[in-house]
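# Topology and contacts: notes
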Amino acid sequence: MFDLLPNFWTPVLPVAEVENTPVAVELAGERLVLFRNLTGEIGALLDRCPHRGVALSLGRVNENGCLECPYHGWQFDQNGACRHVPLNNPADVKLSVLSAVRLPTRIIAGLVWVFTGQGEVPDLEVPESLMRSPEFYFIHHEVWNAHWTRVIENAMDYVHVPFVHRNSFGGEVGQAIASGSFAEFQITQTKHSIQVFNRYHNIESSFALEWHQPNLVVLKFDEMGMPVRSHFFGIPVNKHQTRILIAIQLLEPHAVAMLDEFISPIIEDKVVIESHKGEIPATTGECNVPTDRATLLFRRWYHQAIARQAVTI
Ligand code: FES
Ligand code: CO
């Protein structure tokens with residue numbers, strides 16, 4: 001299960017989009033149903049009734065706060081436990097063996113996170129800048145027709161900026177390149193992250209980003225003097241589609257008026273990224289140059305941590 005992103009915490013949807021009406025969402029090739037019970041707790045279950053396999057998302061949250069299957073009315077709580085099986089004598093039914101499959105959930109930065117593994121659940125560790133309360137974040141999400149690894153690689157790839165973003169924030173760098181500028185970058189690695197700091201030779205422009213395992217790139221616009229820090233997630237929907245989810249941390253109230261300046265350029269990449277075929281290849285699969293060093297580290301991590309693991313499952 002979840003071979004595209006096995007054994008990781010990932011956001012799946014903004015909390016604000018999960019109401020009492022069940023929501024179906026595809027994650028890493030599996031269909032999930034998210035819902036709220038009557039006290040507001042969120043449950044994430046595989047969207048498959050353990051009885052006859054129909055989509056639980058076609059059901060409803062009933063007066064007991066349980067998700068009620070649309071077919072024979074079995075009732076499941078937010079932990080997937082079966083609470084009631086209609087028309088059977090309760091004495092004849094052992095509810096404890098009739099559970100739906102649930103995913104562990106957490107709410108952070110206005111996002112619903114789920115863990116895509118079985119067995120022991122690791123702590124969910126996120127960068128400090130995602131630990132504020134939800135009102136500090138503006139969230140945008142949409143689905144692109146691309147493999148999630150291409151989407152994350154793109155977010156780490158600063159060399160495309162003067163080309164893809166020629167008409168927005170890449171214009172200045174483009175002019176500098178035309179006059180012979182080149183990029184000087186530093187890469188620092190920890191076990192779970194890669195930090196990239198880039199400065200362009202002969203112009204006053206630099207930027208910093210951080211990749212966090214598995215699918216988050218933090219773009220530190222604030223270190224370039226802007227009042228936001230952007231958290232960019234590439235969430236696999238399936239092999240061919242990725243939900244890009246951007247949680248922009250607003251560092252000053254007036255940043256709200258500037259949101260479009262940050263969202264529009266990020267979406268400019270869509271056409272280019274959708275022209276890729278399939279996942280990122282192993283490190284030797286395409287031509288590489290020194291400015292690809294950061295994305296090559298991501299490629300190596302992916303092929304060691306996920307692609308190989310997915311094959312052996
Ligand atoms: Fe869900 Fe029968 S299929 S209750
Ligand atoms: Co871009």
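Residues numbered from 1 in each chain as written. Chains lettered and ligands numbered in written order. Predicted model: local features only at pLDDT ≥ 70, side-chain atom pairs only at ≥ 80, totals over all residues. Heavy atoms only, no water.

Looking at an unreviewed UniProt entry, one finds the protein chain named Rieske domain-containing protein, with Trichormus variabilis SAG 1403-4b as its source organism.

This part covers the environment of E153. With respect to the secondary-structure elements, E153 resides in helix α1 (residues 148–156). The class of E153 is buried, set by a relative accessible area of 9%. Along the backbone, E153 and E223 are 70 residues apart, and their C-alpha atoms lie at a distance of 21 Å. Other than its neighbours up to four places away in sequence, E153 contacts I280, T295, F298 and R299. (Helix = DSSP H or I, 4+ residues; strand = E, 2+ residues; numbered from the N terminus. Buried < 20%, exposed > 50% of the residue type's maximum accessible area, 1.4 Å probe, protein only. Contact = heavy atoms within 4.5 Å.)

One pair of aromatic rings is described through two measures. These are the centre distance and the angle between the planes. Under the criterion given, the structure shown has 10 aromatic pairs. Centre to centre, the rings of W9 and F115 are 5.7 Å apart; their planes meet at 45°, and the pair counts as tilted. On the criterion of sequence distance, the pair formed by W9 in strand β1 (residues 9–14) and F115 in strand β10 (residues 111–115) is long-range, its members being 106 residues apart. In terms of burial, W9 and F115 fall into one category: buried. With centroids separated by 5.8 Å and ring planes inclined at 55°, the aromatic side chains of Y158 and F185 adopt a geometry described as tilted. (Phe/Tyr/Trp six-rings, centres within 6.5 Å; stacked < 30°, edge-to-face > 60°.)

With 79 residues, the main nonpolar core has W113 and W148 as its most contacted residues. No other element matches the 7 residues that helix α6 (residues 293–312) contributes to this core. Domain assignment of the residues forming this core places at least three in each of domain 1 (8–124) and domain 2 (142–311). With sequence-adjacent residues up to four places away left out, W113 is seen in contact with W9, T10, P11, P104, T105, R106, I107, I108, L124, V126, L130 and F233. (Core = buried A, V, L, I, M, F, W, Y, C linked by side-chain atoms within 4.5 Å. Domains from an automatic or database assignment.)

With that settled, the discussion passes to empty space enclosed by the protein. Applying the stated criterion across every chain yields a total of 1 cavity of 30 Å³ or more. Empty space within the largest cavity amounts to approximately 30 Å³. Looking at the largest cavity, the residues that line it are M156, D157, Y158, V159, T291, D292, A294 and T295. Its residues assigned to classes, the lining of the largest cavity comprises 4 nonpolar, 2 polar and 2 charged. (1 Å grid on protein atoms, 1.4 Å probe; cavity = no way out; pocket = protein on both sides within 12 Å on 5 of 7 lines; lining within 4 Å. Points joined across faces, edges and corners; volume = space filled by probe spheres on them. Nonpolar A, V, L, I, M, F, W, Y, C, P; charged D, E, K, R; others polar.)

With that out of the way, let us pick up the coordination of the cobalt ion (ligand 2). Protein coordination at the cobalt ion (ligand 2) comes from H160 (NE2), H165 (NE2), D269 (OD) and D269 (OD), with a distance range of 2.0 to 2.5 Å. Given 4 donor atoms and angles of 56 to 142° at the metal, the environment of the cobalt ion (ligand 2) is assigned as irregular. Counting along the primary sequence, the residues that act as donors to the cobalt ion (ligand 2) give the motif H-x4-H-x103-D. Here D269 lies in the loop between α4 (259–267) and α5 (270–273) and H165 lies in the loop between α2 (161–164) and α3 (171–178), a separation of 104 residues in the sequence. Both residues of the pair, H165 and D269, belong to the buried class. (Donors = N, O, S within 2.8 Å, 3.2 Å for Na, K, Ca; no water. Tetrahedral: all angles 85-135°; square planar, octahedral: opposite > 155°, others 65-115°.)

A few words now on the state of the cysteines. Per the stated rule, a full pass over the model turns up 0 disulfides. With no disulfide of its own, C66 has C82 as its nearest cysteine by sulfur position, at a separation of 8.4 Å. The exposure class of C66 is buried, given its relative accessible area of 6%. (Disulfide = S-S within 2.5 Å.)

Attention shifts here to the sheet that holds strand β8 (residues 82–84). Read across the open sheet, the 4 strands follow the order β5-β6-β7-β8; overall the sheet is antiparallel. Edge positions in the sheet fall to β5 (60–61) and β8, since each of these pairs with one other strand and no more. Here strand β7 (residues 75–76) runs beside β8; their pairing, made up of 2 bridges, is antiparallel. Bridge pairing in β8 places F76 opposite C82. (Pairing = 2+ DSSP bridges.)

This next bit is on the pairing of strand β9 (residues 105–108). Across 4 bridges, β9 lies against β10 in antiparallel orientation. Paired with I108 across the two strands is L111, which belongs to β10. Connecting β9 to the antiparallel partner β10 that follows it, the hairpin turn spans 2 residues, and A109 within it adopts a positive phi of roughly 55°.

Moving on, we come to the sheet that holds β1. Pairing between the strands of a sheet comes from backbone hydrogen bonds, and it takes one of two forms, parallel or antiparallel. Here we have 3 strands laid out as an open sheet, ordered β1-β10-β9, and antiparallel in their pairing. Two strands lie at the open edges of the sheet, namely β1 and β9, each paired on one side alone. On average, adjacent strands in this sheet sit at an angle of 35° to one another, irrespective of strand direction. (Axes fitted to C-alpha atoms, helices over the stretch in contact; angles between N-to-C directions.)

Of all 5 residues in β10, 5 are buried, a share of seventy percent or more. In β10, alternate side chains face the same way, and those of L111, W113 and F115 on one face and V112 and V114 on the other are all buried. Summarising the sheet, β1 and β10 pair through 5 bridges and their orientation is antiparallel. Looking across to β10, one finds that P11 is bridged to W113.

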